[in-house]
Amino acid sequence: MSAEPRDIRDLARFLSQREDLGLDEVFLEGLTREQVLRAAGEARRGARQPSGLPSRETVGADPKERGSAEFPVPGVASASEVDLAGFEYSELAVVAESCQRCRLAKGRTRVVFSDGNPRARLMVVGEAPGANEDRTGLPFVGQAGKFLDLLLASVDLSRKDSVYICNVLKCRPPGNRDPMADEIEHCSPFLKRQIALVAPEVIVAVGTFAAQLLTGTNRPLGKLRGTVYAYEGVPLVVTYHPAALLRNAGWTRSTWDDFQLLRQVMDGS
Ligand code: SF4
């Protein structure tokens, strides 16, 4: 097993938590002595100053006060009760990585937090990770991701430079089933905080679940598209999910029109 920096950080966090619980003995398989020593060093540094997270003095003695997933309280705090409003961007990503707030935590391989530029003018909000996203930890990869990149390129945008991409749900629903209402409720505070921190000039919601969540309606996507909405004052355009376009080529023209509308909104025309 070769441990990447991310694995080392996860291991460091695990070791730090064990130490907090007073468990000073741990058995690790598949790691070299050097990797374990490196993780232990990071855990010690993390104990002095938790990486990417506020200090306990900042968040208060009771972890429930901030609802950090670093201190999960399953079955006690739902995300709707949890205040993520105080978290900075890097802290939010770390909290999401260890989140246990809904059933999807059990089946995920990776938390899929975002891709693209956190300072972008445009934010794309999709539905939930699929198998490729769950494996890579990135949203919109595979065929649907390539389709999205083409649609963005058609209006002179690229995910690397000018777009920030994320999903309503950060973990993959099993078998690519639809998100459940309680999963959206538990996860949407992450999205809400992402939007506040990225502060995009325009949002495009792709697919029914993102569109309905951000417009606050349950109307079908076909009836929602073609209009510019506002989410917390940010102009919002809705369109079909690229994965749906792969199944329904007839929606491609409508989607192209939606991206033209998006471009007009971005250009202020
Ligand atoms: S889907 Fe969201 S709320 Fe559920 S475990 Fe993943 S990050 Fe947490």
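The structure reproduced in this document is the subject of the present report. (Residues numbered from 1 in each chain as written. Predicted model: local features only at pLDDT ≥ 70, side-chain atom pairs only at ≥ 80, totals over all residues. Heavy atoms only, no water.)

Even without glycine at this site, Asp156 takes up a positive phi of about 65°. Structurally, Asp156 can be placed in the loop between helix 7 (142–154) and strand 3 (163–167). Under the relative-accessibility criterion, Asp156 is labelled exposed at 67%. Phi angles above zero are rare outside glycine, and Asn176 is one such case at about 60°. (Helix = DSSP H or I, 4+ residues; strand = E, 2+ residues; numbered from the N terminus. Buried < 20%, exposed > 50% of the residue type's maximum accessible area, 1.4 Å probe, protein only.)

The next subject is the packing of helix 8 (residues 181–198) against helix 9 (residues 208–215). Taken N-terminus to C-terminus, the directions of helix 8 and helix 9 make an angle of 70°; their axes are 12 Å apart at the nearest point. It follows that helix 8 is roughly perpendicular to helix 9 by the angle criterion. Each of Ile184, Ser188, Leu191 and Ile195 in helix 8 lies in contact with helix 9, whose residues at this interface are Phe209, Leu213 and Leu214. When the residues that make up the contact of helix 8 with helix 9 are grouped by side-chain class, the tally is six nonpolar, one polar and no charged. (Axes fitted to C-alpha atoms, helices over the stretch in contact; angles between N-to-C directions. Parallel < 35°, antiparallel > 145°, perpendicular 65-115°, else oblique. Contact = heavy atoms within 4.5 Å. Nonpolar A, V, L, I, M, F, W, Y, C, P; charged D, E, K, R; others polar.)

With that out of the way, let us pick up the site of the ligand. All residues in the neighbourhood of the ligand are listed as Cys99, Arg101, Cys102, Ala105, Arg108, Lys170, Cys171, His186 and Cys187. Of the residues assigned to the shell around the ligand, the class counts are five nonpolar, one polar and three charged. (Near = heavy atom within 4 Å.)

Quick look at the packing of aromatic side chains now. Tallied over the full model, the rule gives three aromatic pairs. A ring pair is formed by Tyr89 and Tyr164, whose centres lie 6.1 Å apart and whose planes are at 75°; its orientation type is edge-to-face. Remark: Tyr164 occurs in strand 3 and Tyr89 occurs in helix 4 (residues 89–97); sequence separation between them is 75 residues. Residue Tyr89 is classed as partly exposed on the basis of its relative accessible area, which comes to 22%. Ring centres 4.3 Å apart and planes at 10° place the aromatic pair Tyr240 and Trp251 in the stacked group. With Tyr240 in the loop between strand 6 (234–239) and helix 11 (242–247) and Trp251 in the loop between helix 11 and helix 12 (252–267), the pair connects residues that are eleven residues apart, well separated along the chain. One aromatic cluster is present, formed by Tyr89, Phe113 and Tyr164 through successive ring pairs. Of note, Lys170 hangs over the ring of Phe113, and the distance from its end group to the ring centre comes to 5.9 Å. (Phe/Tyr/Trp six-rings, centres within 6.5 Å; stacked < 30°, edge-to-face > 60°. Lys NZ or Arg CZ within 6 Å of the ring centre and 35° of its normal.)

Among the secondary structure elements, Glu133 is positioned in helix 6 (residues 131–136). Arg172 provides the closest opposite charge to the buried, unpaired Glu133, separated from it by 7.1 Å. Look past the residues within four positions of Glu133 in its chain and what remains in contact with it is Val112, Leu138, Pro139, Phe140 and Val141. (Lys, Arg positive; Asp, Glu negative; His and termini not counted. Salt bridge = Lys/Arg side-chain N within 4 Å of Asp/Glu carboxyl O.)

Summed over all chains, the structure comprises ten salt bridges. Of the charged contacts, one joins Arg159 and Asp115 as a salt bridge, the two residues approaching to 3.0 Å between their closest N and O atoms. On the criterion of sequence distance, the pair formed by Arg159 in the loop between helix 7 and strand 3 and Asp115 in strand 1 (residues 115–116) is long-range, its members being 44 residues apart. Among the salt bridges present, the one from Arg263 reaches Asp267, with a minimum N-O distance of 3.0 Å.

Before going further, it helps to spend a moment on the sheet that holds strand 3. Pairing is mixed across the open sheet formed by six strands, whose spatial order is 1-3-2-4-6-5. Edge positions in the open sheet fall to strand 1 and strand 5 (229–231), since each of these has one partner strand only. Relative to strand 4 (residues 202–206), strand 2 (residues 122–126) is paired through four bridges, and the arrangement is parallel. Looking at the pairing, Val124 lines up with Val204 of strand 4. On the sheet, helix 12 packs against strand 2, strand 4 and strand 6 and is oriented at approximately 170° with respect to strand 6. (Pairing = 2+ DSSP bridges.)

Of all hydrophobic cores here, the largest spans 55 residues; its most connected members are Leu122, Val124, Val125, Ile203 and Leu214. Ranked by the residues each element gives to this core, the list is headed by helix 8, at six residues. (Core = buried A, V, L, I, M, F, W, Y, C linked by side-chain atoms within 4.5 Å.)

For strand 6, the buried fraction is high: five of the six residues fall into the buried class. Bridge count between strand 4 and strand 6: four bridges; the pairing is parallel. Note that in strand 6 the partner of Ala205 across the bridge is Val238. Summarising the sheet, strand 5 and strand 6 pair through three bridges and their orientation is antiparallel. Each bridged residue has a counterpart across the sheet, and for Tyr229 the counterpart in strand 6 is Leu236. Counted along the chain from strand 5 to the antiparallel partner strand 6, the turn is two residues long, and its residue Glu232 has a positive phi close to 50°.

Note that every value here comes from positions in space, so none of it alone points to a role or purpose.
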